[in-house]
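Descriptive structure summary
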Amino acid sequence: MPDGRTLEVKVWRGRESGRFQAFTVPRRASQTVLDVVSWIQRHLDTTLSYRFACRVGMCGSCAMTVNGKPRWTCRTHVDKVAEGDTLTVAPLANLPVVKDLATDMAPFFDKWAKAQGRFVPEDDRPREFHIVPPETSERRAVDAGIECIGCGVCYAACDIVRWNRDYLGPAALNRAWTLVNDVRDAGNPTRLAAVAGDAGCHACHSQENCREHCPKQINATASIAGLKRAAAIAALKGQL
Amino acid sequence: MIAAAHRTHRGYAAFVIHRLSGVGLAAFLPLHFLALGTALNGEAALDDFLRWTAHPLLKAAETALVVLLTAHLTGGLRLLALELLGWRDWQKTAVAMSGGVSLAAGLMFLLNLGVP
């Protein structure tokens with residue numbers, strides 16, 4: 001229910017160039033930033049474009065920049081992020097803007113493909129299932145990074161992406177690291193070569209923006225450090 | 001369009017300090033060689049230069065240089081540990097330790113200035 005208070009919201013309008021448009025939105029208990037954006041779209045300006053699907057932090061499609069930080073808007077309570085009674089909502093950084101708050105995620109996922117982020121089965125299918133004991137270091141490394149849902153928050157927070165548009169980014173490299181540790185996967189020689197280039201894992205400065213902002217608390221900085229070690233060992237063995 | 005709010009955490013501060021201290025040290029290195037080069041003109045030339053560096057302002061700058069050097073060293077060791085030894089959950093503590101050791105080195109240098 002509205003509690004009589006209002007929120008001053010600045011919302012990005014346009015594409016790469018544009019401007020912030022101010023809206024006044026009623027405050028409600030347990031209001032999320034996605035609620036605010038939806039209220040504006042339904043009551044004040046139906047032309048406002050943004051993206052969302054599940055509303056419960058599963059799909060990762062509603063990520064936006066809220067008061068300068070990339071976040072899932074569906075899981076971000078206004079009370080936690082509003083500076084006084086003001087809120088600034090912009091599209092995710094480091095991605096082309098389709099319109100208003102909706103970004104084109106294609107460059108983000110293209111880099112997953114460039115990082116060889118898909119499972120490569122062995123040529124000879126084993127006669128029996130692989131057994132991967134949960135306590136092995138490989139399995140634990142996979143567990144630490146596998147819950148990524150590809151929301152793009154880490155990519156938007158990454159200054160290396162900001163400075164080098166070819167950099168593969170934390171999410172793609174984290175995905176590659178989970179596959180490097182997948183004992184069933186047969187694609188590591190080409191995968192390590194793909195992630196060890198100039199725009200790969202060695203470009204990371206360990207600023208930890210990705211780890212700091214990941215809504216799933218995935219530590220992509222650690223995954224990238226793992227890739228650096230794996231690539232260095234492969235190079236020493238003459239495999240790169 | 002985008003503010004820098006995503007940089008307000010300790011890991012990023014460590015990155016900035018490491019980068020700035022590195023640039024500062026790189027800028028100082030030619031001056032260091034220039035100072036050593038005065039010895040090529042004889043012992044007296046170097047001694048004259050060293051007497052000039054006894055000025056309090058230069059001693060303050062030298063203290064800052066010691067802090068920069070230690071900050072770059074400890075920050076670099078932290079990065080090497082992070083990337084070569086694997087992740088530890090006390091990274092923020094490691095950043096604080098790096099800063100603490102750097103400031104302590106600067107303080108020790110300052111205290112040592114009074115000792116003949």
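Calculation notes
Residues numbered from 1 in each chain as written. Chains lettered and ligands numbered in written order. Predicted model: local features only at pLDDT ≥ 70, side-chain atom pairs only at ≥ 80, totals over all residues. Heavy atoms only, no water. Buried < 20%, exposed > 50% of the residue type's maximum accessible area, 1.4 Å probe, protein only. Helix = DSSP H or I, 4+ residues; strand = E, 2+ residues; numbered from the N terminus. Pairing = 2+ DSSP bridges. Axes fitted to C-alpha atoms, helices over the stretch in contact; angles between N-to-C directions. Parallel < 35°, antiparallel > 145°, perpendicular 65-115°, else oblique. Left-handed = near helix turned anticlockwise from the far one by under 90°. Contact = heavy atoms within 4.5 Å. Nonpolar A, V, L, I, M, F, W, Y, C, P; charged D, E, K, R; others polar. Domains from an automatic or database assignment. Buried area = accessible area lost by both parts, 1.4 Å probe. Salt bridge = Lys/Arg side-chain N within 4 Å of Asp/Glu carboxyl O. Polar contact = N/O pair within 3.5 Å; in protein donor to acceptor, adjacent residues only side chain to side chain.

A few points about the pairing of strand S3 (residues 63–66) of chain A
Residues and elements named next belong to chain A.
- Of the two faces of S3, the one carrying Ala63 and Thr65 and the one carrying Met64 and Val66 are both buried.
- In this sheet, strand S4 (residues 69–72) lies alongside S3 in antiparallel orientation, the contact comprising four bridges. Bridge pairing links methionine 64 to arginine 71 in S4.
- Linking two consecutive strands that pair antiparallel, namely S3 and S4, is a turn of two residues; a positive phi of about 50 degrees is found at asparagine 67 within it.
- Pairing geometry for S3 and strand S5 (residues 86–90), over two bridges, is antiparallel. Paired with valine 66 across the two strands is valine 89, which belongs to S5.

Considerations on the packing of helix H3 (residues 106–114) of chain A against helix H7 (residues 170–180) of chain A
Residues and elements named next belong to chain A.
- It is the contact of H3 with H7, at a shortest axis distance of 8 Å, that shows an interaxial angle of 30 degrees. In terms of orientation, H3 lies roughly parallel with respect to H7. Taken as a pair, H3 and H7 cross one another with a handedness that is right-handed. From H3, Phe108, Lys111 and Trp112 reach across to H7, where they touch Ala171, Ala172 and Arg175.
- The class makeup of the residues in the contact of H3 with H7 is four nonpolar, no polar and two charged.

Points about the packing of H7(A) against helix H8 (residues 188–195) of chain A
Residue and element names in this part refer to chain A.
- Their axes nearest at 11 Å, the elements H7 and H8 cross at an angle of 155 degrees. Relative to H8, the element H7 is oriented roughly antiparallel. With respect to the hand of their crossing, H7 and H8 are arranged in left-handed fashion. Residue-level inspection shows Leu173, Ala176, Leu179 and Val180 of H7 in contact with H8, the latter providing Asn188, Arg191, Leu192 and Val195.
- For the contact of H7 with H8, the class distribution of residues is six nonpolar, one polar and one charged.

Considering the domain arrangement of chain A
Residue and element names in this part refer to chain A.
- When its domains are assigned, chain A resolves into domain 1 (2–103) and domain 2 (106–236).
- Distance from the C-alpha centre of domain 1 to the C-alpha centre of domain 2: 30 Å.
- Each side of the interface is counted separately: domain 1 has 14 residues, and domain 2 has 16 residues.
- When domain 1 packs against domain 2, the two sides together hide about 1100 Å² of surface, and 66% of this comes from carbon and sulfur.
- On the domain 1 side of the interface with domain 2, the three residues burying the most area are Pro70, Trp72 and Asn94, jointly 55% of the side's total.
- Applying the counting rule to domain 1 against domain 2 returns zero salt bridges.
- Across the contact surface, domain 1 and domain 2 share four residue pairs in polar contact (both at pLDDT 80 or more).
- The element best represented in the side of domain 1 that touches domain 2 is S4, accounting for four residues.
- Looking at the side of domain 1 that touches domain 2 residue by residue, the classes come out as nine nonpolar, three polar and two charged.

Section: unusual backbone geometry
All names here are of chain A.
- Even without being a glycine, serine 30 presents a positive backbone phi close to 55 degrees.
- Relative to the helices and strands, serine 30 resides in the loop between strand S2 (18–28) and helix H1 (33–43).
- The exposure class of serine 30 is exposed, given its relative accessible area of 51%.
- Not every positive phi belongs to a glycine, and glutamine 217 is a case in point at roughly 55 degrees.
- Within the secondary structure, glutamine 217 sits in the loop between helix H9 (209–213) and helix H10 (220–236).
- Residue glutamine 217 is classed as exposed on the basis of its relative accessible area, which comes to 66%.

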